[in-house]
Every structure is written in structure tokens, then in C-alpha cells.
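# Breakdown of the fold
Listed here are the chains, written in short residue letters.
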Amino acid sequence: MFIINCPYCGERDQTEFSCGGEAHIERPKQPTELSDDQWAEYLFMRKNIKGIQFERWNHIHGCRKWFNVVRDTSNDKIHAVYKMGERPPVK
Amino acid sequence: MSNNLRINKNNFIDHTVRISFKFNGKKLFGYKGDTLASALLANNIHLVGRSFKYHRPRGIMTCGSEEPNAIVQVGNDPALTDPNVRATEIELYEGLEAFSQNCWPSVNFDIGGINNLLSPLLPAGFYYKTFMWPASFWEKYEFFIRHSAGLGKSPTKPDQDLYDHQYVHCDVLVIGGGISGILSAKLSAEKGLNTMLIDDKNYLGGSTIYQDDDIFRIDNETSNVWLKNQIEELKKKPNLTIKNRTSVAAFHGYNYLLARENLTDHLSGNERKEKIRQRLLKIRAKKVVIATGAIERPLIFSNNDRPGIILSSSIKKYIDYYGVKTGESISLFTNNDSAYETAISLNKSGVKVKVIIDIRENSNSILSQKIEKTGIKILRGYTITNTDGYKRINSIEVMKLSKDGGSVVGNKITYKCDCLGISGGWTPMVHLFTQSGGKLKFRNNDNVFIPDENKTPSEQISVGSSNGDFELDDVINNTVKNIKIFLGLDKNNYENLDIKCSKEKQKRNIWLLPSNKPISKTKPFLDFQNDSTAKDVKLALREGFKSIEHVKRYTTTGMGTDQGKLSNMHALGIIADTTGTNMGELGTTTFRPPYTPLTFGAIVGRNVGEFFDHTRRTAIHDWHVENKAEFENVGQWKRPWYFPKNGETMYQAVQRESKAARESAGILDASTLGKIDIQGEDASEFLNRVYTNAWSKLSIGKCRYGLMLNEDGMVYDDGVTTRLGENHYIMTTTTGGAANVLSKLEDYLQTEWPELNVYLTTVTDQYSTMSICGPNSKKIIKKIIPSLDLSDESFPHMSFKNSKIDNVNCRIMRISFTGEHSYEINVQSNYAKDVWERCIEAGKEFNITPYGTETMHLLRAEKGFIITGQDTDGTLTPSDLQMDWIIGKKKYDFIGKRSLYRSDTIREDRKQLVGLLTDDPKEVLEEGAQLVESLEKPIDMLGHVTSSYFSPNLNKSIALAIVRSGKKLKGKKLIVPMENKNINVTITDTVFYDKENKRLNA
Ligand SMILES: [Zn+2]
């Protein structure tokens, strides 16, 4: 069970958070103009990387804010935490 | 024979406190400080159980948590008894009662022992192979297998003991109170760090604390005296917490560890009362020192499982620590120097060591030289080929090993003995290290897996013998050196200690020792608890199993409650030897938590009974209780289910309530519906995007039903939203969906549409809701609020008014989930019960009838209204629900819109919501029942019933169902096959009652 440094609250136990999957997948602005395949790409396809992954997390039992986390899924090491709308830190 | 096996000398056992206990009903005595195992051995009892598969007699084999055989049932109350406890870990207390397990009728005469004679018929995988076919027979086999398998008996009543959880934070956690742990804790505490030291025993000092010999000296004191002084100093440190009788069960990432602290298991019944039995420590440590030591390996040879065969280091502990002789005539069998240390201890205590059989050709360490001087016979380059004695070993057969160790030569010699100590070297306890994510490396010269310092997770270190240091000087010097770096220490007092000890020089290891008999005629046990032998492993390899994980499962080696602490290394070694693989490449099986078994009580702590989950009650709850409601759990909510009168059954009550609601007036506590207050200048636009229908044209004071989808187009939640003001809405959600809907809406606002100026606040608990429905509802509202204009022109269906009941502000909505003329009163929750009682009072003359969730479900089913989560399951689109009317066709976008015309969602043969009528109107279908067209096999399942009731208002059975291509099948006959009959049904419209919605304005 890891510790996440919420950008609004500070370090808290993982049990206070929920993970929202891969980050930086923007909802298409004009969904109706997409083909089935393009829409399916947005809707279903996720990378599920073993290694460094960019993820969305929600401090659901805390400030309820969403933010981004850079996590190594092979050892749960968190390399960076940054707010929604901010650019991911360069690797 | 009492106490003649006890020698009267040592500091660890209090000979002044005699303790009586019972084993298998027999009254025995021990002393304070004993374990059950040491007390049994002092009473000359070795035979304590029967093995799992062959029911062979088994005795105490170790002195610690790795014990595979001596697992007992504690306590004589069948309701509260504790199964599978290791006798080697039970501290003796007055009145202890323990029993052997896995034997019937008694440990001395066990019917299952017949399995031993059948053992050639019970090889690895026997159950898998024999009982697999035909599949339908499994149920019959299972009964017998379950009865002949299994260890202890589960208690039959709820646990009456108290358990606790505690969060612990510390700078440094040291696991293990042996010499390396003591040194680590001392260095840490001296640096001023907040330190916790955990050990599973009731004393500190590990095996060094009873290592009393001139060979082992530190700074001119024997090692035990030196360590004792260190511990005394350590205990004075103010920033150190010591937890004895505490076992670390799991080591997770980020230095999060779980440990179980035993608080009362060592106390007698009276002393335990009202105390917490066990405490689960949830530890966050900035740094962790693993000093968990090593356990001795057995040797694998034929019939190595007889009672009286004990690990050599355990024999040493029983004599040196507990003052108990494990036999009168002891032989030792070893591949390393440890057994010599045991021999010295036995010799000092006047116990005759008959012979030491050492598989090594020579040994010239200080230890072996000392033994040679005592005249004890040493056979070098020999092995034991067999043992004899059924319930206790009585002799061994010894033969010379060939040069390559693959066979035996010469004649066999037989020695009589009543105890055999065995030592196959040492295995570092790396369980916690690997649980935390550390990787192991293999050290070839002494065949051990040790932590790889380059693959160790950060902020932890392994020291002492758990890190592969087995000699006293290595343990101390490497611990001090590594802890200094790990904790960033300056110079300290332990860097230049004068340490004297014996150094082992010769090594020889043979995983499976040869015999003069073919292997098929031998019984070399590997896993003593699960009764798997070296033969089983070889058989598994011959049958094609290659992965060690598969061999483990096929042979069950290492799958007992001891998780193979003694057996795993030999299993790996035999696999490596047989397949010609290097053990380092083979790797190990996975070490999984818990390290030793945990009680369920410790895991759940106080979260039992009413503390298991939160209970949410509405503000009107007490009234429901007073009026004898039966309650239903809806999520965490307690909702009135129905209100039985005069001994009514549920069916009778629901029929009465449903009729009353349509004929006169009914009242429902709807407070549990989720309520989200939505404000902000973009609130209308926001609703447009989250609901399927159009919202911007909804005028202030009006209500609208909305359907919310997931992006995949599937129905997610529904409810009525009311426009309270220009930029102010109140949304209702389903009871169960409230929290998820709020989270989902927040997600979109924060991440996809941050440009929208919208604020969401949950007000579910702040407002209570009561719904009054039926043709007399209008008259009741009129009585409560005479000033309110209730005409259809002023207050039409789907509209809202602010009002007051006395001085209490309330919001009144004219919305209906029953199809009747209805009002929903929303008031601040602290006034809710009063307002509810006003409604009941005002409604008396109209026989206002309180109804619960069951009647609500029935009434809405009569109208064909869906309940998301009951009629939907996350796979249905609005069109599947025949709700195409709610899709805003002109809207450019909303959540899930694009998915509504994916190739899959426009298929015509999707499952769709339909109504069902049974041919026999009295026949009520079961929810979940399958629908088929014909009974000819193979039967094609077309769908299932989602809601089903007997409608008192229609006087017939009605149901909703989802059926493949259902929309096109109106009028079609289908069959609902049940266990004892087939029910004929016809597909209908989903609306059964008042299709023209005339009653809304009645
Ligand atoms: Zn936060």
C-alpha cells in the first residue's frame, strides 16, 4: 500500500484515493465526427504499461480533487505528482 | 515418567512455578517459561500428531514457527477452540488444554494409518488423477476426500475474544531480536531515531542468548553474557519500543508492514478476561531492518519423519534454554558444523551422544576438534540410509557414502537411539524481503538464496543470518558495517570488537541422500506436514512438470500451513539435480504473506457486528421502527421494506399497501435518493452534457426526468432534476448510485470541462423527502398547506413550488414514480419527522398508508418504469429499454451519445426490455428466471426476468424482462423453464397500468 502526495493535501495513505486509469486521454471535442474505430480507440484502448505509467488519481476520501501521478507499475514507485491541466514532467 | 528428562540448570525456566496442563486429556506438568512442546518433551512425549495424507505418527521436530508436525487444537470448548496452533509457539499456562489433530480415534491408534500401508498407491497427483472423471462423480468423491483430509476443527460459534488494530509510525523498524537485530536497534536508538524492535518470542536475544561456550566470545565475555548486557542497556533507551510475542505477517511496498501482537495467549483463562487478545499493528516505517535469522534445514533420507527426529539446533535449544533432554540416547546426523555445537551442549548436560554421522569427508574447525577430544564417535563420509521405530525412533542404519555421494558402499551399521538430531545447513529467512519486492541471488558455496543488495527496495536492509551471515564474527561485523551506512552513523562502539568463534571450513551438500534400496522402496519425506516425498517431486518431473510453481502444486510440497519453511529448499535442490539446472536459474516459489498464519480475529479487529459497515438511517427512521416496519438494506441505508399489520406476511402487506396507494393515498420515505445541488452560470449547459435529453429550455420551477449514460452508451443512472432558479438545480439520483454519480460529475467538471462554471454539493443527508401519492394526495396536501394553489394550471405535473408548513421551508414537487397524482415534499432533515407525522395525521381520514420499497417497486413495475441496477445491468442502451424518446436527437453531444450508433449498439438483436404476462395470471415468475423459445436441446437462452410481481390493481401477475430482439417479439409466446415446471408467458408492452397516464392528473 503506497503513499500518495496529493498536490492539495500532502502525503496520504493509498486507501484515501481511487485510481482513474491512464492519464492524458482527452475526450474528443467532436465525437460525432469520429468513425467507429476512432471512437473505440478513445473509449476502450488503454496502454496498461509495465513500468512508468501516467495515471489519473482522485483523492476521493479527502479533498475529492483529481490529479495526475507518474507511477512505475512494476514497483509502485511514484516519480511525480501534478495537477490537472499541468504538463507532465519531462522524463 | 515425569521430569527425569528435565535438567535443573538455567536462567530461562522458572522452576519455582509449576504449571499443570492437559494434552489429549492427560494431566501433565511443566514450568513457567516452557512452551507446550518443551513441556511435552520433558514428559517424554514425542508423538503429537498424524501426518496429513498417510497418517504416519509424527513428533515435535523444531522449536519455532517453522514447525510442520506439532500443530495442535487448543481449548476444550468446541465453540471457541483454536485449530492449527504450533505447539512450539504455545507458551505454557495453567489450565492449557491441547489436542492432537488429524487422527481418529486417537493419536496412538489412528484408523487413517491404513493410508501408510497404501502409500505406494497414493503418489503425487493421486487425487487429481483418480477423482477427476467422470465429472459428475466429483460430488460423491468430495465427501470422502474432505473427511479424510483437513487438519484442525474450526470453532462453531462467533469468536468471543477482543481484537484490535493500531497504526504505528516509526523511523526505524527492526524485525527480529537476535544478535543482529539487537545491534541494529541499539545503533538506531543511540542515533536518536524513533525505533521499534519486534520479535515473535517472549524473550530477546535469539539463539545467541543461550550460546554458552568458551568458543564464542565477544570482548572477553561469552557471547550470551555479552549480549545479555547489551539487551539490558537497550531496554533503557527512551526512544525504543520493544514488541515481544509479535510476528510480522506481511511486508508491503512503501515500508508498510502488518504485525500481529499476541497479548493474552500466554495467560491463563482468568488472567485473560476483558483483555484484548491480539492486536494487528499497521506499521509505516521510514526504514526497515530485516533481522529475521535463519532456520535449520532437515536432511532428506528414508524414514526421516519418525517421532524423535528433531532438528539439531532445536535439540540444543531444548537442552540449553528449556533444560529438557529430548532423549536419553541421542545421535546426530549433519552436513555442517552446527550439530557439533549441539553435541557440546548435550555433552555438558550429561546426555550421551552416541554417534555423529557427518556426510563430509573431513572437518577440522574448532568445534569439531573440541568434540574429538570428548571421545564422541564421529563417522565422516557416512549417511543414514534408514531409520526404525513406529511411534518413536529406536535405531538408525548407517552406510558409507561413495566419493560422488550418489550411492552408498560397504556394509550397513545399526545404532540404537531414541532421538536423532539432523542438520542440513541453514536457510536465511528471506520471506519478508521478497514480499516487499526484493530479489534473491543464489550463493553456490553453501546453497543459499540471499537478498541481492542491488535488487533491494530502498529504505530497507537485511542483516545477520537472514542476509546469509552464519558465523558470529561475520554477523556482528557486517551488521555494524551495513547499519552504519544505512542509518548514516558516525563511529560507534561496535566497530572493533574482539570476537572469537569457530569457523566452518568444509562443506558438502546432498539434497537427496542415497540409500542401499531403490528409491521406490524408500520414504524420504520432504514436506512433513503435507506428506510429500522426494519421490513425488521426481515423479512430477517425469510426468512433464517443469516450472517449480507447478511441481509445488502437483505434489503439494510447501503448501501446508508452514508454507514449506523446511521443505522448499530441498524440493528446489532435487529439481535442480534431476533436471541438471543451476538452482540460481531455477529460482524460488513465491513467498506470500502471511509469514505465519493470522487469526481472522486479528484481521478484522473491531470491524465486526454493527461495526462491520456504516448504517445510514433516514430522519424518519424512528417512526418506521415505532410503526413496525420491516427493513431492507439498500447499500448502507436501512429502508422500510413493508409495514406488516396484524401478522400479515410480506406478500399480504405489499398487496394491501399497493392497493391503498392507488385507491386513496400512500406515503413513502424517499429520503435515501441521492440529491445533488447544482449551481453556477453554466449549470444548464452542464446538465445538457450529462443527460441524454435537452435541458436549456426547462423553465424555472419545472422538473424533468433525465437518463445518464456512460461514454459507452449504457444507462448508468436516472432521476428527476428540478430547476430552482436561473443557475440553480437540484438533481436526484438513485439511492445506490448517489456517490458514484457525484464522483462521475466531479470527474467531468475537473478534467474534461474545467471551463464550465458549475459547483456540485451533495445534500442527500441535509434534505429528507416524502412522497404522497394517490387520488386523495391533493386533499392531504391541501389540509397541510391550505394557502397553496394546487390547481393543475398553477401547479401542473412536473413542476415545483417553494412553500412553508407552519414556519418550515419546504420544496414541493409534483412528480410521480407510481403513475398516481403525487407530491414530493422536501424539508430540512431535522424537521422531517414532524412533517411526516403531520402528513400521516392529515391523511388519516383518507386511510393514508405508509409503504416501503417493495410496494414502490411493484407500483412502478405496473407502470413499466425501470429501476437502474435491477432492470439494467450496465449493458443496456436507452433504445434497448425502449426509451428512444429520451434521446435529444438534436443535441450535438452528451456523455455516451457517440456510442449510441456504434455498430454494436445499433444491432437489432440486442437484448431489449419487454413486458411479460403469464398465461396463468396467478403464476408469479421468479426474478432471474431464464426465457427460452423451445425446450429442445441445446436450449437457446433468450433473456431473463428482471422484475416480477403479482399486481393487486390488475389482479394478475406482471413482469419485466430483457429478451434478445425483444422489441420485435410483442405477442410472442415464450417458456420459463423452472425446476419442476415450465411456465408459458407472452411478450407484451412494458406498461401494464394506465397506459394513457390519466391518473397523473386525477
Ligand atoms: Zn487531497
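Cut-offs and rules
Residues numbered from 1 in each chain as written. Chains lettered and ligands numbered in written order. Predicted model: local features only at pLDDT ≥ 70, side-chain atom pairs only at ≥ 80, totals over all residues. Heavy atoms only, no water. Helix = DSSP H or I, 4+ residues; strand = E, 2+ residues; numbered from the N terminus. Buried < 20%, exposed > 50% of the residue type's maximum accessible area, 1.4 Å probe, protein only. Contact = heavy atoms within 4.5 Å. Areas by Shrake-Rupley, 256 points an atom, 1.4 Å probe, with all protein chains shown as cover. Lys, Arg positive; Asp, Glu negative; His and termini not counted. Charge placed at Lys NZ, Arg CZ, Asp CG, Glu CD. Domains from an automatic or database assignment. Buried area = accessible area lost by both parts, 1.4 Å probe. Salt bridge = Lys/Arg side-chain N within 4 Å of Asp/Glu carboxyl O. Nonpolar A, V, L, I, M, F, W, Y, C, P; charged D, E, K, R; others polar. Pairing = 2+ DSSP bridges. Axes fitted to C-alpha atoms, helices over the stretch in contact; angles between N-to-C directions. Polar contact = N/O pair within 3.5 Å; in protein donor to acceptor, adjacent residues only side chain to side chain. Donors = N, O, S within 2.8 Å, 3.2 Å for Na, K, Ca; no water. Tetrahedral: all angles 85-135°; square planar, octahedral: opposite > 155°, others 65-115°. Parallel < 35°, antiparallel > 145°, perpendicular 65-115°, else oblique. Left-handed = near helix turned anticlockwise from the far one by under 90°. Patch = residues over 30% accessible without salt bridge, like charges linked within 9 Å, V, L, I, M, F, W, Y side chains within 5 Å. Phe/Tyr/Trp six-rings, centres within 6.5 Å; stacked < 30°, edge-to-face > 60°. Lys NZ or Arg CZ within 6 Å of the ring centre and 35° of its normal.

Another point: the overall build of chain A. Within chain A one finds one helix and six strands. When its C-alpha atoms are laid out on the principal axes, chain A stretches across 45 × 30 × 25 Å. Per-residue burial over chain A gives 34% buried out of 91 residues. Contacts in chain A between residues at least 24 apart in sequence constitute 46% of all its contacts with a sequence separation of at least 6. A total accessible area of about 5400 Å² is found for chain A, and carbon and sulfur atoms account for 47% of it. Side chains of chain A give 14 positive and 13 negative charges; the mean places of these two sets differ by 4 Å.

This brings us to unusual backbone geometry. All names here are of chain B. In the segment running from proline 593 into proline 594, the intervening peptide bond is cis, with an omega of -5°. Along the chain, proline 594 falls in the loop between α16 (583–586) and α17 (600–604). Backbone torsion omega between lysine 937 and proline 938 reads -5°, so that peptide bond is classified as cis. Structurally, proline 938 can be placed in the loop between β46 (930–932) and β47 (941–951). Non-glycine residue asparagine 24 carries a positive phi angle of around 50°. Residue placement: asparagine 24 occurs in the loop between β1 (14–23) and β2 (26–32). Its relative accessible area of 35% is what places asparagine 24 among the partly exposed residues.

Residue and element names in this part refer to chain B. Per the domain assignment, the segments making up chain B are domain 1 (14–117), domain 2 (162–294 + 428–492), domain 3 (298–424 + 506–519), domain 4 (669–852) and domain 5 (863–883 + 901–1001). Placing the centre of domain 2 and that of domain 3 at their C-alpha centroids yields a distance of 31 Å. Contact residues are listed per partner, giving 12 residues for domain 2 and 13 residues for domain 3. With both chains or domains summed, domain 2 and domain 3 bury close to 1100 Å², and 58% of this area falls on carbon and sulfur atoms. Of all residues in domain 2, Tyr210, Ile215 and Asn447 give up the largest surface area on contact with domain 3, accounting jointly for 50% of the area buried on that side. Close ionic contact of aspartate 213 with lysine 370 constitutes a salt bridge, the shortest N to O distance being 3.1 Å. Along the lines of polarity and charge, the residues of the side of domain 2 that touches domain 3 split into four nonpolar, four polar and four charged.

Attention shifts here to the pattern of salt bridges. Residues and elements named next belong to chain B. Taken as a whole, this structure holds 74 salt bridges over all chains when the rule is applied. The closest approach of N and O atoms between arginine 910 and aspartate 904, which form a salt bridge, is 3.3 Å. For arginine 910, a relative accessible area of 5% corresponds to the buried category. Here aspartate 904 falls in the partly exposed class, since its relative accessible area comes to 29%. Linked through salt bridges whose partners overlap, the residues forming this network are Asp880, Asp904, Arg907, Asp909 and Arg910.

All right, on to the sheet that holds strand β23 (residues 408–416) of chain B then. All names here are of chain B. Taken in spatial order, the three strands line up as β21-β22-β23 in an open sheet, and their pairing is antiparallel. What marks the edges here is a single partner per strand, and that holds for β21 (382–388) and β23. Along the sheet, successive strands turn relative to each other by an average axial angle of 25°, direction set aside. Note that strand β22 (residues 395–401) and β23 share six bridges and pair antiparallel. Considered in β23, the bridge of lysine 400 is made with valine 409.

What follows covers the interface of chain A and chain B. Contacts between chain A and chain B engage 28 residues on the former and 27 residues on the latter. For the chain A and chain B pair, buried surface summed over both sides reaches about 2300 Å², with 46% attributable to carbon and sulfur atoms. When the buried area of chain A at its contact with chain B is split by residue, A:Met1, A:Arg27 and A:Thr32 rank highest and sum to 29% of it. On inspection of chain A and its partner chain B, the count reaches five salt bridges. Between the two partners, chain A and chain B, sit 19 residue pairs in polar contact (both at pLDDT 80 or more). Of all elements in the fold, only α1 (36–44) and β6 (77–83) of chain A reach the threshold of two or more residues within the side of chain A that touches chain B.

Right, let's get into the coordination of the zinc ion. Residue and element names in this part refer to chain A. Distances from the zinc ion to its protein donors, Cys6 (SG), Cys9 (SG), His59 (ND1) and Cys63 (SG), fall at 2.0 to 2.3 Å. Taken together, the four donor atoms coordinating the zinc ion span angles of 104 to 116° at the metal, a pattern that classifies the geometry as tetrahedral. Mapping the donors of the zinc ion onto the primary sequence yields the spacing C-x2-C-x49-H-x3-C. Separated by 53 residues along the polypeptide, cysteine 6 in strand β1 (residues 3–6) and histidine 59 in the loop between β4 (52–58) and β5 (66–72) bring together distant segments of the chain. Histidine 59 shares its class with cysteine 6; the two are buried.

This part takes up the packing of helix α5 (residues 179–190) of chain B against helix α12 (residues 472–487) of chain B. Residues and elements named next belong to chain B. The N-to-C vectors of α5 and α12 enclose an angle of 30°; their axes lie 10 Å apart at closest approach. Judged on the interaxial angle alone, α12 and α5 are roughly parallel. Judged by the twist between their axes, the crossing of α5 over α12 is right-handed. Across the interface between the two elements, Ile179, Ser180, Leu183, Ser184, Leu187 and Ser188 from α5 touch Leu472, Val475, Ile476, Thr479, Val480, Ile483 and Leu487 from α12. Across the contact of α5 with α12, the residue classes tally to nine nonpolar, four polar and no charged.

Here the focus is the sheet that holds strand β37 (residues 715–725) of chain B. All names here are of chain B. Taken in spatial order, the five strands line up as β36-β37-β38-β35-β39 in an open sheet, and their pairing is antiparallel. Every interior strand has two partners, whereas the edge strands, β36 (703–709) and β39 (759–762), have only one. Recorded for the sheet is a direction-independent mean angle of 30° between the axes of neighbouring strands. Here helix α20 (residues 683–690) sits on the sheet and contacts β35 (674–679), β36, β37, β38 (728–733) and β39; the angle it forms with β38, its principal contact strand, is near 30°. Packed on one face of the sheet, helix α21 (residues 738–752) meets β35, β36, β37, β38 and β39 and runs near 165° to β39.

A few words now on the environment of B:Asn984. All names here are of chain B. Tracing the backbone shows asparagine 984 in strand β50 (residues 982–988). In this structure asparagine 984 comes out as partly exposed when scored by relative accessible area, which is 40%. As a C-alpha pair, asparagine 984 and aspartate 14 span 970 residues in sequence and 81 Å in three-dimensional space. Among all residues touching asparagine 984, those that are not within four sequence positions of it are Leu917, Thr918, Asp919, Leu974 and Ile975.

Taken together, the side chains of B:Phe600, B:Ile603, B:Val604 and B:Val608 present a nonpolar region at the surface, about 390 Å² in accessible area. Along the polypeptide, B:Val604 turns up in helix α17.

So, on to the packing of aromatic side chains. Evaluation of the coordinates by the stated rule reveals 23 aromatic pairs over all chains. Geometrically, the ring pair formed by B:Phe12 and B:Tyr321 is stacked, given 4.3 Å between the ring centres and 20° between the ring planes. Residue B:Phe12 is located in the segment before β1, and its partner B:Tyr321 is located in the loop between α8 (312–320) and β18 (329–334); the two are separated by 309 residues in the primary sequence. B:Phe12 sits in the partly exposed class, given a relative accessible area of 23%. Taking the relative accessible area as the measure of exposure, B:Tyr321 reaches 4% and is therefore buried. Ring geometry for B:Trp226 and B:Tyr494: centres 6.3 Å apart, planes at 90°, overall edge-to-face. With B:Trp226 in helix α6 (residues 223–235) and B:Tyr494 in the loop between α12 and β29 (499–500), this pair connects stretches of sequence that are 268 residues apart. In this structure an aromatic cluster arises from ring pairing among B:Phe12, B:Tyr203, B:Tyr210, B:Tyr318, B:Tyr321 and B:Tyr322. The ring of A:Tyr8 carries A:Lys65 above its face, with NZ or CZ at 5.6 Å from the centroid. One Lys or Arg, B:Arg18, reaches over the ring of B:Phe29 and ends 3.8 Å from the middle of that ring.

All right, on to the pairing of strand β8 (residues 162–175) of chain B then. Residues and elements named next belong to chain B. Where β8 lies against strand β15 (residues 276–290), 13 bridges are found, and the strand directions are parallel. Its bridge partner being in β15, tyrosine 163 is matched across the sheet by glutamine 278. Judged from the four bridges that link them, β8 and strand β9 (residues 195–198) form a sheet pairing that is parallel. Bridged to leucine 173 within β9 is methionine 196.

Residues and elements named next belong to chain B. Burial along strand β34 (residues 666–669) is two-sided: Gly666 and Leu668 and Ile667 and Asp669, pointing in opposite directions, are all buried. Where β34 lies against strand β40 (residues 767–773), four bridges are found, and the strand directions are antiparallel. Looking at the pairing, leucine 668 lines up with serine 771 of β40. Direction of pairing for β34 relative to strand β44 (residues 849–850): parallel, over a ladder of two bridges. In the strand pairing of β44, isoleucine 667 is matched with proline 850.

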